[in-house]
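# Fold and contact review
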Amino acid sequence: MQVAVADRSWNGAYCRSHVPELHTPAVEAPAVLSDQRVTSQQHGVLNLRTNVNKGNETLKIEAAQFTTYDDGRVRYEKATFTSTRKDGSSFEMTAGVVEGQGKAVSGDEPGLMFLSKGVHMKTSDGLDVVTDNATYDNIQGLATIPGKMRFSRARLTGEGVGATYDKQRDILWLLDEAKVKRAADEHGEGGIEAVAKGIGLARPDRFMNLADGAKVVQARQTLAADQIIVHFTDDDKGAKLVEMHRNARVTPTTPAADRRKPGQKADAPDLQGDEIMLEFHPDGQTLRHAVLAGKSRLTQMTDEGSQTVSAAEIDLGTAADGRTLTGLTAKTGVEVLLPASVDNPDRTIRSTSLVASGDETGLRAAIFDGGVTFIEKSPAGRPGRGRAAPALPPAIDRLGTSTTLTLDLKGQLGAIQSAEFRQGVSFRDGDMKAAAERALHNEAQGTLELSSPVTAKVSPWVDDGSVRVEALWIQVDMNSHDMRAKDKMKVRLLQGKSNGKEARTPALFDGAQPVYGVGTALKYVSGTRAATFA
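Residues numbered from 1 in each chain as written. Predicted model: local features only at pLDDT ≥ 70, side-chain atom pairs only at ≥ 80, totals over all residues. Heavy atoms only, no water.

## Some thoughts on the overall build of the protein
The secondary structure content of the protein amounts to 1 helix and 34 strands. Relative to its 534 residues, the protein shows a buried fraction of 43%. Sequence-distant contacts in the protein: of pairs separated by 6 or more residues, those separated by 24 or more amount to 44%. Roughly 27400 Å² of accessible area belongs to the protein as shown, and the carbon and sulfur atoms make up 53% of that amount. (Helix = DSSP H or I, 4+ residues; strand = E, 2+ residues; numbered from the N terminus. Buried < 20%, exposed > 50% of the residue type's maximum accessible area, 1.4 Å probe, protein only. Contact = heavy atoms within 4.5 Å. Areas by Shrake-Rupley, 256 points an atom, 1.4 Å probe, with all protein chains shown as cover.)

What follows is the structure, given as structure tokens:
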């Protein structure tokens, strides 16, 4: 035991006498951390990470201060996060404070980040978002904004309360009180203002989705529906397709520069339906095609007056001006309302279906099929039509029915040149009644021409209460009820009054009995009840 002690003492003395004294450099004491949960703090941080999102992105982190906590949380102050993809596109977030927790799928960057004290997000393709606070899910690439925000991107600007931005899909959703405005282009075209509870913008897919109380105001029209989806053109200068769902309405706007000018036959159409789909001409502004479904209605002011088409479904096409109809199809419960104009009475046409066709100058023909009803009404004193029209005609109350009705048109449904009724035709005009297999109403001449095939079981006939005419061909003046008839003609005349005086039959006949006649031709004047046979 003593030897061991001596040895240790000797060795120690030897070392002190033969080994130089070591001088340890002074080390600065670590900063005192006031928060006991803090494990470290750094200032002036610059961090570059290359293996982000499975190696598809690089991440640069810049911060004035970086703090870690014992529960795994981290905190960046005056921080900027910039992620860059292999294709060169980038996403940048800047905030006064960024607190993170958890881990991303790969790397050690936080999985969930809370940004506050002024948040600014930017993308390389021009999206710029400003708000007070946000949360960023680094695993999903999803930014969530709880409060007010505003954004801009090229010609688009907008604002809302609450929003999300999907970095991977490049989709921005404004969740409440959403407003989006697109400025007009260099030609003053393409400007829109959109409002809804929520609005989503998907740049890669070039569409804007407005949900709940959607409204889009354009230079030529206002669109409103529960939901509106606008599909933009490839050059992003206009719309190529618009979907409108539930309670849809398209109302034309009429600024002074856009009102109907001389030579233009119609204003832009007013459209209503449960669902509406709009397609536009290549300019992205002018309507080319519309499809309406469910309680559909088309209303348009034309140079012939207003015209309204209602049906379960409506399909229409327009010329390059977006207002002249070039085609129109309506199905199920069709009703066409043509209010009175200077030259025409009120008209109502009902049928199962309608197909109208035309060209760039307007509609040229329309075919109504299935249970056709044609009604004309006007009070007394309106100017009449046709060469024999009196200056102050009586009231008009006409009803025609048939299986089909074909209209020859001059550009609009209300500009009828002729109307041809076919199959099971019946006609009533005041006290006059008529029936045939075919009836042709000539608008310019004011006549109704009745005919039937020779093989028909029943010949055309007209009865005004005083005279009944049957023949293979009958023509009636719709203003005076004068008639002409020919081919296998039969006539029955009743004695009555003419212009307030007794109209007497020749003495050869009993005045109390009808007079019957046959012949090859007849001319009958209704005012005097004079019948001339040939």
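Once the structure has been displayed, the description carries forward.
## Points about the pairing of strand E22 (residues 362-378)
The sheet contact formed by strand E21 (residues 346-359) and E22 spans 12 bridges and is antiparallel. Following the sheet pairing, Ala 356 is matched in E22 by Ala 366. Connecting the antiparallel pair E21 and E22 is a turn made up of 2 residues. Where E22 meets strand E23 (residues 396-411), 13 bridges bridge the pair, whose relative direction is antiparallel. Opposite Ser 378, over in E23, you have Ile 396 as the bridge partner. (Pairing = 2+ DSSP bridges.)

## Quick word on unusual backbone geometry
At Lys 117, a residue that is not glycine, the phi angle is positive and equals roughly 60 degrees. Phi at Arg 246 takes a positive value of approximately 70 degrees, unusual for a residue other than glycine. Locating Arg 246 in the fold gives a position in strand E16 (residues 239-252). Owing to a relative accessible area of 41%, Arg 246 belongs among the partly exposed residues under this scheme.

## Brief notes about the environment of Ala 356
Here Ala 356 is to be found in strand E21. On the accessibility criterion, Ala 356 (5% relative accessible area) is buried. When the C-alpha positions of Ala 356 and Leu 413 are compared, they lie 8.6 Å apart, and in sequence the two are 57 residues distant. Those residues in contact with Ala 356 that sit more than four places away from it in its chain are Gly 327, Leu 328, Leu 363, Ala 365 and Ala 366.

## Looking at the side chain of Thr 123
When you line up the elements, Thr 123 lands in strand E5 (residues 112-123). Judged by relative accessible area, which is 13%, Thr 123 ranks as buried. Reaching out from Thr 123, the side chain makes a polar contact with the side chain of Asp 125 at a distance of 2.5 Å. (Polar contact = N/O pair within 3.5 Å; in protein donor to acceptor, adjacent residues only side chain to side chain.)

## With respect to the pairing of strand E11 (residues 178-182)
Side chains Ala 178, Val 180 and Arg 182 of E11 all project onto a buried face; the interleaved residues Lys 179 and Lys 181 project onto a face where none is buried. In the sheet, strand E9 (residues 156-166) pairs with E11 via 4 bridges, with the strands oriented antiparallel. Along E11, the bridge assignment pairs Gly 158 with Val 180. Relative to strand E12 (residues 192-196), E11 runs antiparallel, the two sharing 5 bridges.

## A few points about the confidence of the model for the protein
When pLDDT is averaged across the protein, the result is 83; 82% of the residues are at 70 or more. Counting contacts from residues 1-32, a segment whose pLDDT is below 50, to residues more than four positions away or on other chains yields 0 contacts. This stretch, residues 386-390, has a pLDDT under 50; its non-local contacts, to residues over four places away or in other chains, come to 11 contacts. (pLDDT = per-residue confidence, 0-100.)

## Topic: the pattern of salt bridges
Tallying each qualifying case throughout the model produces 27 salt bridges. The network of salt bridges with common partners includes Arg 347, Glu 376, Arg 398, Asp 429 and Glu 443. (Salt bridge = Lys/Arg side-chain N within 4 Å of Asp/Glu carboxyl O.)

## Examining the packing of aromatic side chains
Scanning all chains against the criterion turns up 6 aromatic pairs. A centroid spacing of 5.6 Å and a plane angle of 35 degrees characterise the contact between Phe 91 and Tyr 165, whose relative ring orientation is tilted. Placement of the pair is Phe 91 in strand E4 (residues 90-101) and Tyr 165 in strand E9, with a sequence separation of 74 residues. With a centroid separation of 5.8 Å and 85 degrees between ring planes, the pair formed by Phe 421 and Phe 427 is classed as edge-to-face. Per residue, the accessibility class of Phe 421 equals that of Phe 427, and both read buried. Among the aromatic residues, those joined into a cluster by ring pairs are Phe 66, Tyr 76 and Phe 81. The ring of Trp 461 is capped by Arg 468, whose NZ or CZ atom sits 4.3 Å from the centre of that ring. Stacked on the ring of Trp 473, the Lys or Arg Lys 486 has its end atom at 4.9 Å from the ring centre. (Phe/Tyr/Trp six-rings, centres within 6.5 Å; stacked < 30°, edge-to-face > 60°. Lys NZ or Arg CZ within 6 Å of the ring centre and 35° of its normal.)

## Section: the environment of Lys 215
Structurally, Lys 215 can be placed in strand E14 (residues 207-217). Sequence separation between Lys 215 and Arg 249 is 34 residues, and the spatial gap between their C-alpha atoms is 9.5 Å. If we ignore the near neighbours within four places in the chain, the residues touching Lys 215 are Glu 193, Ala 194, Val 195, Leu 210, Thr 222, Leu 223, Ala 224 and Ile 228.

## Description of the nonpolar core
Judged by nonpolar contacts, the single largest core of 107 residues is most densely connected at Phe 151, Met 208, Ile 228, Met 244, Leu 278 and Leu 316. Broken down by element, this core gets its largest block of residues, 6 residues, from strand E20 (residues 325-338). If near-sequence neighbours (up to four positions away) are discounted, Phe 151 is found in contact with Leu 127, Asp 128, Val 129, Leu 156, Thr 157, Gly 158, Glu 159, Leu 172, Leu 174, Val 180 and Leu 201. (Core = buried A, V, L, I, M, F, W, Y, C linked by side-chain atoms within 4.5 Å.)

## Looking at the side chain of Gln 65
Position of Gln 65 relative to the elements: it lies in strand E2 (residues 57-69). At a separation of 3.4 Å, a polar atom in the side chain of Gln 65 contacts the side chain of His 43.

## Focus: the environment of Leu 127
The topology assignment puts Leu 127 in the loop between E5 and strand E6 (128-131). Counting along the chain gives 29 residues from Leu 127 to Leu 156, while the straight-line C-alpha distance between them is 9.3 Å. Once residues within four sequence positions are removed from consideration, Leu 127 is found in contact with Met 121, Lys 122, Phe 151, Ser 152, Arg 153, Tyr 165 and Leu 172.

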